[in-house]
Protein chains: 12
Amino acid sequence: MVQIGVLNGPNLNLLGTREPALYGRTTLADIDARLAEVARELGITLRSAQRNGEGELIDLLHGWRGEVQGVVLNAGAYTHTSLALRDALAAIAVPFVEVHLTNIYAREPERRHSMLAAAAIGSICGLGAAGYEYALRGLVAHLRERTPPAAA
Amino acid sequence: MVQIGVLNGPNLNLLGTREPALYGRTTLADIDARLAEVARELGITLRSAQRNGEGELIDLLHGWRGEVQGVVLNAGAYTHTSLALRDALAAIAVPFVEVHLTNIYAREPERRHSMLAAAAIGSICGLGAAGYEYALRGLVAHLRERTPPAAA
Amino acid sequence: MVQIGVLNGPNLNLLGTREPALYGRTTLADIDARLAEVARELGITLRSAQRNGEGELIDLLHGWRGEVQGVVLNAGAYTHTSLALRDALAAIAVPFVEVHLTNIYAREPERRHSMLAAAAIGSICGLGAAGYEYALRGLVAHLRERTPPAAA
Amino acid sequence: MVQIGVLNGPNLNLLGTREPALYGRTTLADIDARLAEVARELGITLRSAQRNGEGELIDLLHGWRGEVQGVVLNAGAYTHTSLALRDALAAIAVPFVEVHLTNIYAREPERRHSMLAAAAIGSICGLGAAGYEYALRGLVAHLRERTPPAAA
Amino acid sequence: MVQIGVLNGPNLNLLGTREPALYGRTTLADIDARLAEVARELGITLRSAQRNGEGELIDLLHGWRGEVQGVVLNAGAYTHTSLALRDALAAIAVPFVEVHLTNIYAREPERRHSMLAAAAIGSICGLGAAGYEYALRGLVAHLRERTPPAAA
Amino acid sequence: MVQIGVLNGPNLNLLGTREPALYGRTTLADIDARLAEVARELGITLRSAQRNGEGELIDLLHGWRGEVQGVVLNAGAYTHTSLALRDALAAIAVPFVEVHLTNIYAREPERRHSMLAAAAIGSICGLGAAGYEYALRGLVAHLRERTPPAAA
Amino acid sequence: MVQIGVLNGPNLNLLGTREPALYGRTTLADIDARLAEVARELGITLRSAQRNGEGELIDLLHGWRGEVQGVVLNAGAYTHTSLALRDALAAIAVPFVEVHLTNIYAREPERRHSMLAAAAIGSICGLGAAGYEYALRGLVAHLRERTPPAAA
Amino acid sequence: MVQIGVLNGPNLNLLGTREPALYGRTTLADIDARLAEVARELGITLRSAQRNGEGELIDLLHGWRGEVQGVVLNAGAYTHTSLALRDALAAIAVPFVEVHLTNIYAREPERRHSMLAAAAIGSICGLGAAGYEYALRGLVAHLRERTPPAAA
Amino acid sequence: MVQIGVLNGPNLNLLGTREPALYGRTTLADIDARLAEVARELGITLRSAQRNGEGELIDLLHGWRGEVQGVVLNAGAYTHTSLALRDALAAIAVPFVEVHLTNIYAREPERRHSMLAAAAIGSICGLGAAGYEYALRGLVAHLRERTPPAAA
Amino acid sequence: MVQIGVLNGPNLNLLGTREPALYGRTTLADIDARLAEVARELGITLRSAQRNGEGELIDLLHGWRGEVQGVVLNAGAYTHTSLALRDALAAIAVPFVEVHLTNIYAREPERRHSMLAAAAIGSICGLGAAGYEYALRGLVAHLRERTPPAAA
Amino acid sequence: MVQIGVLNGPNLNLLGTREPALYGRTTLADIDARLAEVARELGITLRSAQRNGEGELIDLLHGWRGEVQGVVLNAGAYTHTSLALRDALAAIAVPFVEVHLTNIYAREPERRHSMLAAAAIGSICGLGAAGYEYALRGLVAHLRERTPPAAA
Amino acid sequence: MVQIGVLNGPNLNLLGTREPALYGRTTLADIDARLAEVARELGITLRSAQRNGEGELIDLLHGWRGEVQGVVLNAGAYTHTSLALRDALAAIAVPFVEVHLTNIYAREPERRHSMLAAAAIGSICGLGAAGYEYALRGLVAHLRERTPPAAA
């Protein structure tokens, strides 16, 4: 059965209470709960984690190697500064979809460039917590299109 | 009842036969058909159009003024060059979500900057035809969150 | 008798109702009415048009060739992106004055550079609808200074 | 009664004899005379000055604080280099319109960026001495639109 | 039989009378007549068109899809601003050669970058109307080198 | 009672022995001792910490949320590279003052841009260990100006 | 006895009444009074001046040569545009500390670069009038560390 | 009788065997042979040379001074780095046409800028060995248009 | 006896299995084994470590302070983003040589700039695992040239 | 008789005592004395002045209008920041030669660009006080070459 | 038997006496002698040359075509300016390793970009004369890894 | 006795006949003749040469090593492109003065940056052939200031 990793980067542990005018009041737990429903619908399993450290995120991705077939990634601010994270994603050799809660193109210039986007399948931003669901659905669709249909 | 405009820009009329290795074999008609299903599910109506001319797209948006409450927009190459289109979207004063079939961040540098993204609610790229569906769902969710619930 | 063309670009058809906090409530018809008064005072005739398409604006300028002796031009967003419009103005070989309703230097960076300004006689921005009147007066003064006085 | 300051920057004292092919043969005195007529027509009074020093221009603006309700400003070359002048205009907290005799966008690249324009109501360039008149009219119109009409 | 499209962009309809010091006195009709002779010599047929609108040029290219095996293109000012035109050329999937009457590298900086050149087979500039003939010959030679010779 | 966090970033644990010609011989313990005196004088309490990891600094700031009313921050080299740290400061929603022991504007170009400065109340650099004291005093003054005086 | 010069640049004469939302209501006289107290505490004397002209500030610094052992400098907008002022500070060969009332890194981009900072001992910004006091204390500490202790 | 110089720069001596996938299998001797035919047709004579050294190319051009009336130039990599070659062409004061075998706009960024193009009559790239023929024809046409027709 | 630290950064723990087409099949253990042989030959001892976190690498370097006389460093992606690591190397005040398995100049632009290189003795890239050996030999040679020969 | 103005800008009044390691120990008076000798040799007269203010330098140049036939100018730091000074030189319409005591290309980047150089006849830097003499000789030679010889 | 070319560019003939503080006292002859020993050890032969001219270096590389299987290249200053040399290396189609005696990343900015590095297998800098030895060893290892073992 | 080398770069052999409107009608022989007079006056000897090749100029400078005590250099176009020439000047370790006949700051942008200027004592441009004389005088003065006077 397909397993997808859902990985959240720095400061996302505070989601729901952190700058709610910007990021909303939905928590990571709410998002995980919703994604669990979607996963059941799609017939897949999920692994989910959040870390504040770049090295810890890399360690975690390494641990998922061979265990997940794709990653839904909100790398938070590391999106814009971390080449090491892009290398980690390449190292575990699975496709990923980038998600951002806010519209990063309507914020500070530092957030307009993603170190990750060119290596992703695609990205979604500005659609709030729903963006995770769409990213998960899009990632699974991508994996299934490239997978030979179950024999029959 | 909420009505959403789905607007496609230059060269998207050829979708399905144009550079299929890049854009896939799904046609605009296929996308419209799928969006029609989603619209029924969401209890909304759709208007859909495609134009190759920048001025024609602007004319079309002006014509939708007061008729649609939001726009799903794939402006194709005008995404990167048209300030006039951004002004037209501001002029009709409805929220919009930007969609791209391909991951524009993994293509030529000219496609890395969007003239529209900062004015959008959000954007989706690289998820193929499914991106339209997610954009539509995300846009409707955005409109409903900001709308007082129907009385009861 | 001197004839001047007054040409308006994309989205200016919506003037008066489009983003009124920014562009005011005066319509193009109001502006044309005021310019007609000024034209009578100056002893000239006017031709006036608005188009949303870059190609249509060019077609229109070509049609004015040999008919107008100068142009008052608010090219809207094409100011910042259209080299073809500058070429069309050079092709019909008449002087023009650029007008903008808003102060383009106090808006987004994309609006700070004009593709047209270097080819114009001069430009006016930020003075609202009155800017058209000043542009017309300035253009006619420019033409008359270079014209030998009517014989006597 | 509304009083407007007309302030001219470096080298404008030589107007009429300085590079006449570029700046024309009208002198500052001619301009002041014409503006005095316009002021009478508009029912306002004027104060007018020219200085070559950046500090002197700032001193002068400080002295006008509370005395003028707006400024018509041709800062000459300081337009492109003086942040201190912009601060002085902010310090005296009155609106201003920027004027240039020549079309600064058709000259050297150093003249294409104005340090002042973003803080102005608007700007006029390339219309020669007439630009001062239009700037004055535009400024007074701006002040009056924002002023409650005299009672009665 | 090989058919080649010859497409001209904005303002080229005025060729011969537009800025003759720069563009010469040869008209588009003259060029078409000369190209017809060359086509006869080469044993090919031609389709030729000129449009001022970006969208119209795209429509026209779409209409030529499957009908022409290559395009000689003078996109005029759109050369420097139109990504949509490049996409249209990719969409109809035929090789093209870029032509410019003038030496674009000896003109304004805006004309030094072509949005199209990287997607072309090659480009010719500064050789006036003769550039069209060379482009046509070069394009046909390119097509024939890649075509197995007619059996014998 | 007001509590302030004093947070030091990478390599500052070696202060006093690390590149003493540049950073001096004062240790972090010396600085903490001096700040404790100042805190007593100001009637506040302090929390102080140093970490070498970006993620650890973020974890630490999260832990201070709701416990400190402001932060004195010397983020060391992360000043110039960490957007995640700026987000963490925004997430805990307290004002902070940036301190640097050396004059970062007289060093390598990489140190001339701070990712944090725009989000800070203010910053101090080049005054050595005394900079911490001034930052603390400035921060407390800032907090008190905005706090209604204790009743009486 | 050590004497320190306190020098203020353009528009600072209006401090307290100029843009109070930005610069506060403290006047230069208030700041001088506070610095006089600090000077007494530190056992030093002060000279203080403000000028709006770049040349006048340079003249003033030249006049302080040999009379002051250091300078506290708020050069206002000249901070960002005056190389001549940096040369004047080098010419009188005394250390200086740069002060800004506001956080210049949270304002317009033009204010993010200081022509003076690299030549200063250090700089302080965003701490309002208190910044002067800290600058003075920091400067005196700097001078004393480098001075051999009074004999005995 | 008109004489034209055909000059080839560094590495072009290896044409035909050097990177044939990129540059083809035609040799310089083949090109010279074809140009000789064209020259006979045009009633002109040719001089042809190839050098790998920048100084040698300059020496060669100096030697052609007064002997050739125009130059067909493929400067190879010096196109992008040699200002001295441009000066040499100006020094001998004859018109030249630039040729490149490959489409330099579809290669590395270093090849996108030509030091020579602005001084040339025109340029041709991407049409392989045929480009030399077109360049020669274009150059001769250019020379003849500017030459009074032979008397009679 | 001289001791050298060999430090590897993020994702290098996966060497041998990570993107083998790019990084090869040699593991870090293989490299350490080879370096141990070289160390015996050179009469030195080694310490070796790998970490994925920037802070952990800094902690590790601090721990090596006074214990190693030089460092062979492959900082992986942190090479391009970590100023803190450069500071840590300066803080422990030993020379280091930078190694990269791949030719970083033939990869993405983000990898073309090293934050560390200017502070290193030298660097080696593109020679695969052998690069470590050369770096170690080069570092030891560097240390010995600067060390007075053992007496006798 | 030809009269030349020798004008010195900010901080040059301190020449001889200001940063002597950089600027030497020659004073302006020494330079003026030497230039007086050269002037006698050349049969011309001199006017010489130094000012620290940009406006004062402009006033001074205006005063020299019609009195001097050329200017030797060391504008000090204003060289790099003053467009107004360039305008003043154009306004008095005499040729000038730029002098710098030091080699401005071997100093800070801010000194590498001159606002004046493009408008000068030529410039001399790095030759110390002797540069003034060469500038004067070069300027007079320039004037005489363009002057018809005195009749005879 | 494998033959490797060792090629040195401009000014390297003076090695040992040229700027010895920077480049050391080892001569090219010393380096060649050491490389001869290494070649014997590796069972290969060497060809070695030095030239000051870009064209001469290209001529030399052309002469080595088909004779050497790889090149160790220290192109000196041409590293940073010569595209023609990169083309020559591509033309002879053998792998090469770039060597620099000094750490080019710790010198002037002009030396930070290599025109050659992206086309090399790898590069070594800052390790002095030993860098040549490592480059040679690395190059031979590279060749052998890709070569089927000699039959047996 | 002091000997100075006078070195001229590419295209300067044509001086006097090459673009005389720009470079004048004085030949190199005229300049050498005048410099010989100056040399006699100064009590020095000269060596003079001109080469078109970068490598030849380097060879020539190497040959002058130990023979000349300084160089007057007009490197022509290599001024702007040759780092190798700067290295050659450093290699022979004598001071040099840069000369240009024209005002390079009033020409194309490519001529505004000198690769050599930062390494020179100083530079002179725009003063025509007289610039060589001033450069020679300035260089000799520089050498003598640093040389103890001949004993007596």
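Structure: above.
Rules and cut-offs
- Residues numbered from 1 in each chain as written.
- Chains lettered and ligands numbered in written order.
- Predicted model: local features only at pLDDT ≥ 70, side-chain atom pairs only at ≥ 80, totals over all residues.
- Heavy atoms only, no water.
- Helix = DSSP H or I, 4+ residues; strand = E, 2+ residues; numbered from the N terminus.
- Rg over C-alpha atoms; globule rule 2.2 N^0.38 Å.
- Buried < 20%, exposed > 50% of the residue type's maximum accessible area, 1.4 Å probe, protein only.
- Contact = heavy atoms within 4.5 Å.
- Areas by Shrake-Rupley, 256 points an atom, 1.4 Å probe, with all protein chains shown as cover.
- Least-squares fit on C-alpha atoms with pLDDT ≥ 70 in both.
- Phe/Tyr/Trp six-rings, centres within 6.5 Å; stacked < 30°, edge-to-face > 60°.
- Lys NZ or Arg CZ within 6 Å of the ring centre and 35° of its normal.
- Patch = residues over 30% accessible without salt bridge, like charges linked within 9 Å, V, L, I, M, F, W, Y side chains within 5 Å.
- Salt bridge = Lys/Arg side-chain N within 4 Å of Asp/Glu carboxyl O.
- Lys, Arg positive; Asp, Glu negative; His and termini not counted.
- Charge placed at Lys NZ, Arg CZ, Asp CG, Glu CD.
- Buried area = accessible area lost by both parts, 1.4 Å probe.

*Asks:* Before we go on, may I ask you to explain the overall build of chain A in this structure?
*Replies:* The number of helices and strands found in chain A is six helices and five strands. When the helices and strands of chain A are read in sequence order from the N terminus, they spell out β-α-α-β-α-β-α-α-β-β-α. Here chain A has a C-alpha radius of gyration of 15 Å; the compact-globule value for 152 residues is 15 Å, and the two agree. For the C-alpha atoms alone, the extent of chain A along its principal axes is close to 50 × 30 × 25 Å. Within the span of chain A, comprising 152 residues, buried residues form 62% of the whole. Of the contacts made within chain A by residues no fewer than 6 positions apart, 78% connect residues no fewer than 24 positions apart. Accessible surface, chain A as shown: approximately 5,500 Å² in total, 53% of it carbon and sulfur.

*Asks:* Can you walk me through the relation of the copies chain A and chain B in this structure?
*Replies:* Taken together, a rotation about one axis and a shift along it account for how the two chain copies relate. Superposing chain A onto chain B requires a rotation of 180° together with a translation of 0.0 Å along the rotation axis, leaving an RMSD of 0.0 Å. The relationship between the two copies is best expressed as a two-fold rotation axis. Using C-alpha coordinates, one finds that chain A approaches the rotation axis most closely at A:I124, a distance of 2.2 Å. Residue by residue, 100% of the interface of chain A is reproduced at the interface of chain B, so both copies engage with the same surface.

*Asks:* Teacher, can you tell me more about the packing of aromatic side chains here?
*Replies:* How two aromatic rings sit relative to each other is set out by the distance from centre to centre and by the angle between their planes. Applying the stated criterion across every chain yields a total of 12 aromatic pairs over all chains. On the numbers, 5.3 Å between centres and 5° between planes, the contact of E:Y134 with H:Y134 is stacked. Note that E:Y134 is positioned in helix α6 (residues 130–145) and H:Y134 in helix α6 (residues 130–145), a pairing that runs across two chains. According to the relative accessible area criterion, H:Y134 is buried, its value standing at 5%. In this structure, J:R18 packs its charged tip against the face of J:Y23, placed 3.9 Å from the ring centre.

*Asks:* For this particular structure, what's the right way to read a negative patch on the surface?
*Replies:* A contiguous patch of negative charge on the surface is contributed by A:E56, A:D59, F:E56, F:D59, I:E56 and I:D59. Locating A:D59 in the fold gives a position in helix α3 (residues 54–64). Exposure remark for A:D59: the relative accessible area of 37% places this residue in the partly exposed category.

*Asks:* Is there a simple way to think about the interface of chain D and chain C in this case?
*Replies:* Each side of the interface is counted separately: chain D has 17 residues, and chain C has 17 residues. Between chain D and chain C, the buried area comes to about 1,500 Å², and carbon and sulfur atoms account for 60% of it. Among the residues chain D hides against chain C, the three largest losses belong to D:Y105, D:L127 and D:Y134. Together they make up 36% of the total. Viewed at the interface, chain C and chain D are joined by zero salt bridges.

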